[in-house]
Every structure is written in structure tokens, then in C-alpha cells.
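Chain and residue survey
So you can see what is in the structure, the chains are spelled out below.
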Amino acid sequence: MPLIETEMLTKRYGAKRGIEDVTVAVEAGEVFGFLGPNGAGKTTAIRTLLDLLHPTSGRARIFGLDSHRDSVRIRGRLGNLPGDFGYGRQSTGREALRLLARLRGVDGLGRGPELAKRFHADLDRPLGQLSRGNRQKIGLILATFHSPELLILDEPTSGLDPLMQEEFLTLVGEERRRGCTVLLSSHELDEVERVCDRVGIVRDGRLIAVERIHELLGRARRTATLELAEPSDLVGELRTLPGVTDLEAADGKVSFKVAGDLDPVLRAIAKRHVTDMELTHPTLEEVFLTYYGGGG
Amino acid sequence: MTAQLGELVLTHLSDRRRSLLAWGLPLGLWSAFIVMIFPSVEGALSKAVQNYPTGLKEAFGIGELTSVEQYLHAELLSLIVPLAIGYLAVRAVASGLTGAAESGRLDVLLSAPVSRPLLAAASFAATAVEVAIVLVMTVLLTGLGSLVAGAHLSLGSAIAGYANVLPLALIFAGLGIVATGFSLRTSVVTGSVAGVLVTMYVIDLIGRLDSDLSGIRYLSVFKYYGNAIEEGIDPVAFLGVTAVAVALAAIGAWLFDRRDLAA
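Residues numbered from 1 in each chain as written. Chains lettered and ligands numbered in written order. Predicted model: local features only at pLDDT ≥ 70, side-chain atom pairs only at ≥ 80, totals over all residues. Heavy atoms only, no water.

**Let's talk about the pairing of strand β1 (residues 4-13) of chain A**
Residue and element names in this part refer to chain A. With 5 bridges connecting them, β1 and strand β4 (residues 57-62) associate as antiparallel partners. For I4, the partnering residue across the bridge sits in β4 and is I62. Looking at chain direction, β1 and strand β2 (residues 16-26) are connected through 7 bridges and run antiparallel. Its bridge partner being in β2, Y13 is matched across the sheet by K16. Hairpin remark: β1 followed by β2, antiparallel, with 2 residues in the connecting loop; positive phi at G14, about 65°. (Pairing = 2+ DSSP bridges. Helix = DSSP H or I, 4+ residues; strand = E, 2+ residues; numbered from the N terminus.)

Here it is in C-alpha cells:
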């Protein structure tokens, strides 16, 4: 049985779109990412799962329980980092942690102090005096201090510096190894690539695809740039290969985009003397182009 | 659930500890000042009141001002205290719900196994305790003032007078929770309920001034407020108004549970 299961989940705000017919299943122990641009509906989907928003139609189940009727029981087993985390300017992280620990029936502060040390988070300063990134660290600690079965993280690395982002991604890996299921939302392809097993691509409120991350990246167009030691007919050969587009050649440099299996391209390149080569990951926009055929 | 309620109430009170002082001290000092000056103005006041227009005396429930209790009622308990404490109650209940929504705290609390009706109940209960603490501070400072000035204020009467404000305040706390069913903006909730508070006071005033319009007083909770410092607490009114306040809070909690909490 999937740990999270939605069926035609729809949330509309009057005439405004929220999410539309979202059907997805997240398996236990999986790290699943909602990937999409800002305003796509990722946060609405998460808030509907958490019963903060009531669905217009459709249903959602978490741990096999109804997300609305059994919301309190469900929340007892999960940890959540809301998007744009806040708690009040005067309160400290320790006060927030103490209250949540008591509400959850956790002895002491759970893993809170250990996580604070790891993330260099100051639990004793009022949150209003912390930078956005430092507040986000407190939010992460509040979401994970009680070792939940399910972690729901809305844009978790928002505001974190690169070192802390790295630490966070490591933590997600550890949580997965512990058996925790993770549902996160992001608009950063690199981030979901690092930690997610599967991603659901959200666009205009709809879940347009659910893919394993390597399949998603393989299908999307990557940009290749080569520098050749001597003139060659590489361009002509590349033009004949499936998935190769946007070919440009000038002054011994060749650039092109390639989607799908890279093997034919690499075989063609291997026959030439290449002095430099760069293969860049697809951007989120390029992933979307793959699914929309340029429809934007 | 009781333990969770206790934790939430204690957290609310801890967060509002400055507010307790900010309301309790000035109100208590003002009340003490009124009591302390009474012995020196007593004679002049009686003469002045005799010359007050009858309508004014009826409107504000001013009879003879020959006792410190009557003076305290006329100066504070008939107008200033119920309006101020009613507004404090709205502010307090809103801080636990709309304030929490605006700061992001509501999302964090609702990540824990806590139901929304429990949050609303905690906010209502904490408001009741907060108002009670402010009233106790006021009574204590008033009693102290009476002792210092030799004003001979009956402490029992003062307690009755100030305790009688509590059910009234809870009505507006209950209305505050009802308002959160429609808006999660603190300014909207406090503004609208404060408007109801003033409107109810004016309705009661009009009803008292014009006997033909006395029926409209049933629209106002101030009809049941009375003059407890002189006449003692009317237990039926006290318990009845408290019960209505609890009912309003329950309706508000139901509305709050049904609404969306948008990001």
C-alpha cells in the first residue's frame, strides 16, 4: 500500500486554480519530489495533503488514513516544514521546539539540540533576529527532531547557503536510510536530482508526469559543447543522430542539444580529437519543454 | 488532549506576558487613583452630581456619588473598563489564531497532532485567564490604593465589580473566534469585533435613554452587565453570558475547523 495516495485531488479557490485532478502514489521509504515553477501548485498540493486546505473534490490518504478525517492521527506521525517558515518574531527556536515536543509527547527536545549543532542553528535567539536562512534551519529542526515516519518539506533549501544545502541533502539521505519517506517540493532541478527517487512535475496545477529522476533527466535535453583539435565532419554526423537538435558550429567549437540516449553521440564524438567538452544538465525550463513540446 | 490544551494556554500566556503588564498596570493604577482621590472630592462630587442632567445620570447609571464604590462605578466600571477589557479580549484571542496565522506559527502548530478546535479552545481559555489576571491586578492595585488613602473601599464589592467584566469580555473573545471563521487577518478580526463592542454599548445606551426603545437593549450584552460593585453579581446574568460566550467560541471553533488556511 502506498504511504501517500491521492485520487483526482482538486483544489480551487473560487474561480482561481489551485490543483486539478492530482493522482499520485508515493511508496514507503521513497523520496518523492514535486517539481515545478513558483505558482505551479506544489504548495497547494502539500497543504491539501496536510488538511490545511480542504479539497474541492477527490481524496487523499496518508498511512492509509483519510487526510481530512484522520488528520490529527496522521500529523502525529509526520514532520512538516511549511514553505516560507515562520513562528513569530519574539519566540526562540528552543521555545518552539519545547512546545512542539510537548504537543507530540516527545521526551525532552528529541534530536533538536543535536540537529541544531549540526546545522549551526542558534536555538536561543529570537527568530525575528535571525536571517531567513537561519530561520529555515530552525524550521528544518522542528520538522525532523522527533524522527517522523514521513517528512513533508515545502521548498526546504530556500534561503540556505550552499554548505547548509549540502548538509540538508545529506540529512535527507540519512532519513531515507532510517526508513523515513520524504515528500518535498522544489523548483530546483539540481536539488531533486540529488535526493529524489522519483519526481512529479507540476505545472498550472496539474501533475503532468511522474518519472524516476534518471529517466526524467535522460529524456530532457542536455546542452553539449565541444572543442575540436582539427576540422571534422562531426556536425554532419551529429545531424543524423536521433535526439540531437540546435546544432551550431564555429571556430572549431560545436554546440548542440541532445535528448535521450547519449551513447550514439558519445560514439560519434569518440572518433574525433576533442580538446574540451562540457555537458550541462537540463534546466527546469528544458525539462518542461520535453513534456510540453515547446508549448511553454 | 488536556495536556496539549494546558501547554497551548501556558505558551499563549507566556507570549503575552508583556501585554498582561501593559494592560493590568495602567488600568490598576488608574483605578487606584480614582479610589485614592475619592476622600478629597467626595463632598464636591455629591453636589456636582445633583446638577447633572437626569438623562446623563440614567445613561451612565450614576446615582448618588456618596460612596467610593459608586464613584468607581461611575468613573470606570460603567464605561472605560468594560470597553477596554472587551477590546483586550478580542486582541488576546486574535493573537492566538489570526496572529499565529500571520506569523506562520499556525502552520507549525498544525504540523503537530493538534486539532483546530483545540487551538481555538486554547486561545479562548488563555484569553479568559489573561483577562482574569488583568482584572486581579486591577483589583489588587485598587485595594492597595484604598488602603493608602483610607477610602474604605469594600474589597468584596470591588471584586464583584471587576469580576463581572469577565463574562462580558468573553462574549467578545467568542465573537473574535467566530470572526476567524471568515478572516485570518488580525486587523479585520479586531476591527470588526471592536465595532460590535462599541455598537452594543451604544445600543444599550440608547435603550436606557429612551424608554420607547428599551427593547433594543436585548441586542446588546451590556443589558446583562448591571452594576455589580453596588448590587453584587447577578448569578443568572453572569452564568448566562458566560454560557453564550462559550457557545460563540464553540461555533467559532467549528467555523475555524471548516475554513481553508491558505499560505
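Following the structure, the description resumes.
**Some remarks on the sheet that holds strand β14 (residues 274-280) of chain A**
By way of backbone hydrogen bonds, the strands of a sheet pair with one another, either parallel or antiparallel. Residues and elements named next belong to chain A. Within the open sheet, the 4 strands sit side by side as β12-β13-β11-β14. Their pairing is antiparallel. Where the open sheet ends on each side, the last strands, each with one partner, are β12 (244-250) and β14. With strand direction ignored, the average angle separating the axes of adjacent strands in the sheet is 15°. As defined by bridge partners, strand β11 (residues 222-228) adjoins β14 across 6 bridges and the pair is classed as antiparallel. When the sheet's bridge partners are listed, T225 is paired in β14 with E278. (Axes fitted to C-alpha atoms, helices over the stretch in contact; angles between N-to-C directions.)

**A look at the interface of chain B and chain A**
Residue-level contacts link 26 residues of chain B with 25 residues of chain A. Note on chain B versus chain A: buried area summed over both sides is about 2300 Å², and carbon and sulfur give 55% of it. When the buried area of chain B at its contact with chain A is split by residue, V108(B), S111(B) and P113(B) rank highest and sum to 24% of it. Applying the counting criterion to the chain B and chain A interface returns 3 salt bridges. At the surface where chain B touches chain A, the tally comes to 20 residue pairs in polar contact (both at pLDDT 80 or more). Contributing elements (two or more residues each) for the side of chain B that touches chain A: α1 (2-15), α6 (105-109) and α12 (235-258) of chain B. When residues in the side of chain B that touches chain A are grouped by element, the largest group, 5 residues, is from α1(B). Looking at the side of chain B that touches chain A residue by residue, the class counts come to 10 nonpolar, 6 polar and 10 charged. (Contact = heavy atoms within 4.5 Å. Buried area = accessible area lost by both parts, 1.4 Å probe. Salt bridge = Lys/Arg side-chain N within 4 Å of Asp/Glu carboxyl O. Polar contact = N/O pair within 3.5 Å; in protein donor to acceptor, adjacent residues only side chain to side chain. Nonpolar A, V, L, I, M, F, W, Y, C, P; charged D, E, K, R; others polar.)

**Observations regarding the sheet that holds β1(A)**
All names here are of chain A. Taken together, the 4 strands give an open sheet; going across it, the order is β2-β1-β4-β5, and neighbouring strands pair in antiparallel fashion. Of all the strands in the sheet, the pair left with one neighbour each is β2 and β5 (65-66). Contacts between helix α1 (residues 42-49) and the sheet are confined to β1, β2 and β4, with β1 contributing the most and set at about 115° to the helix.

**A word on a nonpolar patch on the surface**
Residue and element names in this part refer to chain B. Residues M36, L144, L147 and V148 make up a contiguous nonpolar surface patch of about 430 Å² in total accessible area. Here the element with the most residues in the nonpolar patch is helix α7 (residues 116-149); it accounts for 3 residues. Within the element layout of this structure, L144 appears in helix α7. (Patch = residues over 30% accessible without salt bridge, like charges linked within 9 Å, V, L, I, M, F, W, Y side chains within 5 Å. Areas by Shrake-Rupley, 256 points an atom, 1.4 Å probe, with all protein chains shown as cover.)

**Examining the side chain of N164(B)**
Residue and element names in this part refer to chain B. Structurally, N164 is set in the loop between α8 (155-163) and α9 (165-180). Classification of N164 as buried rests on a relative accessible area of 7%. With sequence-adjacent residues up to four places away left out, N164 is seen in contact with Y225, A228, I233 and F238. (Buried < 20%, exposed > 50% of the residue type's maximum accessible area, 1.4 Å probe, protein only.)

**Thoughts on the pattern of salt bridges**
When their charged atoms lie close together, side chains carrying opposite charge are able to pair. Residues and elements named next belong to chain A. Inspection of the entire model under this criterion finds 25 salt bridges over all chains. For the salt bridge of R206 with D21, the shortest nitrogen-to-oxygen distance reads 3.9 Å. One end of the pair, R206, is in strand β10 (residues 206-212); the other, D21, is in strand β2, and 185 residues separate them in sequence. We classify D21 as partly exposed; its relative accessible area is 32%. A salt bridge links E237 to R272, with the nearest nitrogen and oxygen atoms 2.7 Å apart. Of the two residues, E237 sits in helix α9 (residues 234-239) while R272 sits in the loop between α10 (263-270) and β14, which places them 35 residues apart along the sequence. Residue classification places E237 among the partly exposed positions, given a relative accessible area of 22%. Assessed through its relative accessible area of 15%, R272 is described here as buried. Each of the salt bridges in this network shares a partner with another, and the network as a whole consists of D233, E237, K271 and R272.

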